[in-house]
Amino acid sequence: MPDTPGVDLLERQPQLEELAQYLREAGTRAGKIAFVSGEAGAGKSALVEQFTQQAPRGTRILWGHCDALQTSRVLGPVNEVAAALLSATTRREPGDAREQLFLRVLEGLSPPHPVSVVVLEDLHWADEATLDFVGFLGRRIQRTRCLLIVTHRDDELDPSHPLRAVLGELTGQHASRLRVPALSLDAIERLARGTRLDAAHIQRVTAGNAFFVRELLSAAKGTVPETVRDAVLGRLMQCSPAARELAEVVSLVPGRTPGWLTRSLLDASGECADEAVARGLLRHHEDALGFRHELGRLAVESSVPRGRAQALHARILAALIERDADLSQLVHHAAHAHDEAALLEYAPRAAERAASAGAHREAVAHLATALRHAATLNAPERAWLFERHAAGCNMTNQVAESIASAEAALALWRELADAAAQARVHLLLAQQYWKAGDKHSVDTQVAAAIRLLESLPAGPQLAMAYSSRARYAMNCGDNPQVIADAGRALELAQRFGDHCVQAHALTNIGASQLNAGDATGLAKLEQGLAVALEHRLPEHAGRAYANLVSAAVSLRMPELAERYLAESLEYCETHEVQDCLSYNRAYGAYAALNGGRWEEAARAAADLITYHSLATAQRIPALTVLALVRARRGDPGADPLLEEALRLALPTTEVQRIGPVAAARAELAWYRGDHRRAAQEAATGLQALGGRREAWICGELAYWGRRADPAFEIPAQLATPYALMLDGNWQAAAAAWEQLGMPYERALALAEGPEAALRDALAILEPLSAGPLTAIARQRLRELGVHSIPRGPRASTRENPAGLTAREVQVLRLLVQGHTNTELAHRLHVAPKTVEHHVSSILAKLEVRSRTEAVAAALGMGLGELGAIGAHGSRGRAARGR
């Protein structure tokens, strides 16, 4: 190959300069996080390695790597960074809990410690806990003196990939995106000088992929391999037998192969390793070997005969067991060695380790691996394994899988006549059916659990069963049942000193009372929160926060909502209570909608729906918020959102699910002039109430019902602003809404007044782009004989408030569908560079910093369908909510 600049570093100067600027900012102002993306082989690692070599003297460089194991190592790259960082700053205890580990790393990267560059490579392979770390550090990066560089493949991030949620969350001035593009024809021509190879042909074959270009240019003279695999295997065949054997062993170990392992398996000398390095296959990493690129490793791995590979995996496994290696590595090699006994020993242990670190997705994967080989286990062992898998799927919100494993566990526990275990699984099943919105099955499972437990001596498990029944009654507004069951639970909790049950039951009582209009419920809710915080019960604290937030938002208590939203988000993020975090974010979107921050509301709701795995209780409010923004703006796409929301809400029989959806559907029908439909939707919501006294939702439903039908029957107790509006007292209603900080509802009231009030309404509505109500207010002004009516925004601006060109709208719709830049270029028949210009313009006009944010903004504007991205999201988190 000619003496030219490194293939991977040609045309990379802009990215190097940008990273250098970020590092200067980290040292002088605030830390930064940079996501470096590109297809496999684009040269991401080479770019980052070159940058770290150019970093100023005194800069700490810390590396962490993710490997392509069958199931990812739990916190693998984080532990690598921590091992280097904490050895120099503070002593790290081997048994540090995840939260302590995260905090220690954060402390080590913050002043007065030196400026640091932390590189986390190949995050597309990261485990759930590592992604949580990136989120944890990314949200606090401005406090540090650190440039955090995260590399990932963007061609492997399907719409449901967990990394997408992290990318969507970490935005703003302290987060940046750098893409490593393909090499241009000009760059390939420079590299091919001195050879007889056709640069244009190389570009057609490689599409400018830096790794493949290098492989082709390094191929034997007179050959032009057509694939990466051909090129790599061509290098392999040029090696001596001993060097080939070494390369084969290294190919079976994703990541880096330590020297002690190759020495224990082979009689290979250092000369063999040097030969493989000289041939461009392997690289030295201190006392370890690794392929120059994962694509090369895969090519060599695929060439190893199956029987030989299985035998080598068995030998690798035995050596790793002796060294007490990472459990995920043991499972990986046991699976490839077809060692069933080893899988059954190490996969459950790996699952336990993963779950304790919050990597529930990996825990479920390990348990699924064990279950595939569980036929040889005895009945209790299989029952426990199925139950653990069901509980893990509960944490990842895989409802169908959880139910299937729980039913299998229940059948085995029945055979074994273990009543306590059966009750435990019945309660787990109740949780899954609640997520699925199947109220009848919830009641059946809870009743079965209580029946079994009442036949045994009373204990904490019975107390929790009573409290669980109170919880589901609370969701349906059955306050007498809540008080009765939660009271029993509290009595048992006090007898047995169970703080979990105490916090759970107090939360049930407080939320039930508060939602029914009893102000004393707030004290009970806060007491439940205090118990959970005092005794360090994150899940129960998260649930108490979730109920406080949803109640404050639903009852239009903006100051309380603002206070507890901030507290809850901070607490749930710090303690990784992801289920309640999603629930609070959904109600945070509702709070933004109520406060007139529609862009914020739409983006938050779209992000939740698109990139997160949500249970029914979380998905319904997010769908409703996004639908209301679209409906109030006159944007398309509200109907499918509300259809899904109603389909999810009705089986729950829960007022807090059905009522808001019915109100939103009535509102949408009223804007369209379909008064009959509006009255029907309002009646549906009131019917779900069943006479229960919930003044706010009653008021909202009654308001839209009466607007549509003057004869619509009004319930007795309504929230004051709605009662004033129904009484025709628009001035007092407008004042009440203003005091609550709800501008759109204030405009609704003002729209019932004379000219001055209508003009005030327009002043509120036009900045919101509230098309339907604006049109109604203008029409009323015309009916009053007013001629000098403000024009408002032009039609083209209303249809496209971001000012995108027609071509940019087309590109944005394709981004919503998940297309890469290469696919966009092919589909639009333009150069990839042209697509990059379009995407950059879209980001600027939408005032966002990433493609992920642009997609969320597009969904908020109605420029795409959620189903095109994946309606049920990605992250694999539990979403238990209330």
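Further up the page is the structure itself.
About the cut-offs
- Here, residues in each chain are numbered from 1, in the same order as that chain's written sequence.
- Given that the model is predicted, a residue must reach a pLDDT of at least 70 before its local features are reported, and side-chain atom pairs must reach 80 or more before they are shown or counted; all residues, however, enter totals for whole chains, interfaces and linings.
- To obtain the side-chain values, all non-hydrogen atoms of the structure were included, while hydrogens and water were left out.
- Helix axes are fitted to C-alpha atoms over the stretch in contact, other axes to C-alpha atoms as well, and angles between N-to-C directions run from 0 to 180 degrees.
- Strands here mean DSSP runs of E at least two residues long; helices mean DSSP runs of H or I at least four residues long; both are numbered from the N terminus.
- These descriptions rest on fixed angle ranges, namely under 35 degrees for roughly parallel, over 145 for roughly antiparallel, 65 to 115 for roughly perpendicular, and the rest for oblique.
- The contact criterion used is simple: two residues touch if any of their non-hydrogen atoms lie within 4.5 Å.
- In this classification, Asp, Glu, Lys and Arg are treated as charged, Ala, Val, Leu, Ile, Met, Phe, Trp, Tyr, Cys and Pro as nonpolar, and every other residue, Gly included, as polar.
- Here the rule is simple: two strands pair whenever DSSP picks up at least two bridges between them.
- Salt bridges are counted wherever a side-chain nitrogen of Lys or Arg sits within 4 Å of a carboxyl oxygen of Asp or Glu.
- For each residue, the accessible area found with a 1.4 Å probe, counting protein chains only, is set against the maximum for its type, and the residue is called buried under 20%, exposed over 50%, and partly exposed in between.
- A crossover counts as right-handed when, viewed with the strands pointing away from the observer, the path leading from the first strand over the helix to the second turns clockwise.
- Each cavity reported here is a set of points on a 1 Å grid over the protein atoms alone in which a 1.4 Å probe fits but cannot get out, each pocket an open set with protein on both sides within 12 Å along at least five of seven lines, and each lining residue one with an atom within 4 Å of a point.
- Grid points are joined across faces, edges and corners, and a volume is the space filled by probe spheres set on the points.

Turning our eyes to something else, we now look at the packing of helix α11 (residues 241-251) against helix α14 (residues 294-303). α14 packs onto α11 with a crossing angle of 110 degrees between their chain directions and a minimal axis gap of 8 Å. As summarised for this structure, α11 and α14 are arranged roughly perpendicular, according to the angle between their axes. The residues of α14 that touch α11, namely those facing Ala247, Glu248, Val250 and Ser251, are Arg297, Val300 and Glu301. Grouping the amino acids of the contact of α11 with α14 by side-chain chemistry returns three nonpolar, one polar and three charged.

On to the sheet that holds strand β4 (residues 146-153). Sheets are built from strands that pair by backbone hydrogen bonding, the pairs being arranged parallel or antiparallel. The strand order β2-β3-β4-β1-β5 describes an open sheet built from five strands, whose pairing is parallel. Whereas interior strands pair on both sides, the edge strands pair on one side only; in this sheet they are β2 (60-65) and β5 (175-179). On average, adjacent strands in this sheet sit at an angle of 20 degrees to one another, irrespective of strand direction.

A word on the pattern of salt bridges. According to the stated counting rule, one finds 38 salt bridges in the structure shown. A salt bridge links arginine 235 to glutamate 215; the shortest N-O distance between them is 2.8 Å. One end of the pair, arginine 235, is in helix α10 (residues 228-237); the other, glutamate 215, is in helix α9 (residues 210-217), and 20 residues separate them in sequence. Residues arginine 235 and glutamate 215 agree in their burial class; the two are buried. Salt-bridge contacts for arginine 308 lead to glutamate 248; the nearest nitrogen and oxygen are separated by 3.1 Å. Taken together, the residues span a long stretch of sequence, with arginine 308 in helix α15 (residues 306-322) and glutamate 248 in helix α11 at a distance of 60 residues. Its relative accessible area of 32% is what places arginine 308 among the partly exposed residues. Here glutamate 248 falls in the buried class, since its relative accessible area comes to 15%. Counted as one network, the salt bridges with shared partners bring together Glu643, Arg665, Arg677 and Glu681.

Next up on the list: the pairing of β4. With eight of eight residues buried, β4 lies mostly within the body of the structure. Because side chains alternate across β4, one face comprises the buried residues Cys146, Leu148, Val150 and His152, and the other comprises Leu147, Ile149, Thr151 and Arg153, equally buried. With five bridges joining them, strand β3 (residues 116-121) and β4 adopt parallel strand pairing. Across the sheet, the residue bridging to valine 117 is leucine 147, located in β4. Taking the sense of rotation as the criterion, the β-α-β connection linking β3, helix α5 (residues 128-139) and β4 turns out right-handed.

The next point concerns empty space enclosed by the protein. For the coordinates displayed, the defined rule picks out five cavities of 30 Å³ or more. The space that makes up the second largest cavity amounts to roughly 50 Å³. Around the second largest cavity sit Phe211, Glu215, Val232, Arg235, Gly280, Leu281, Phe291, Arg292, His293 and Gly296, which together line it. Mapped onto the lining of the second largest cavity, the elements with two or more residues apiece are α9 and α10. Taken together, the residues that form the lining of the second largest cavity break down as four nonpolar, three polar and three charged.

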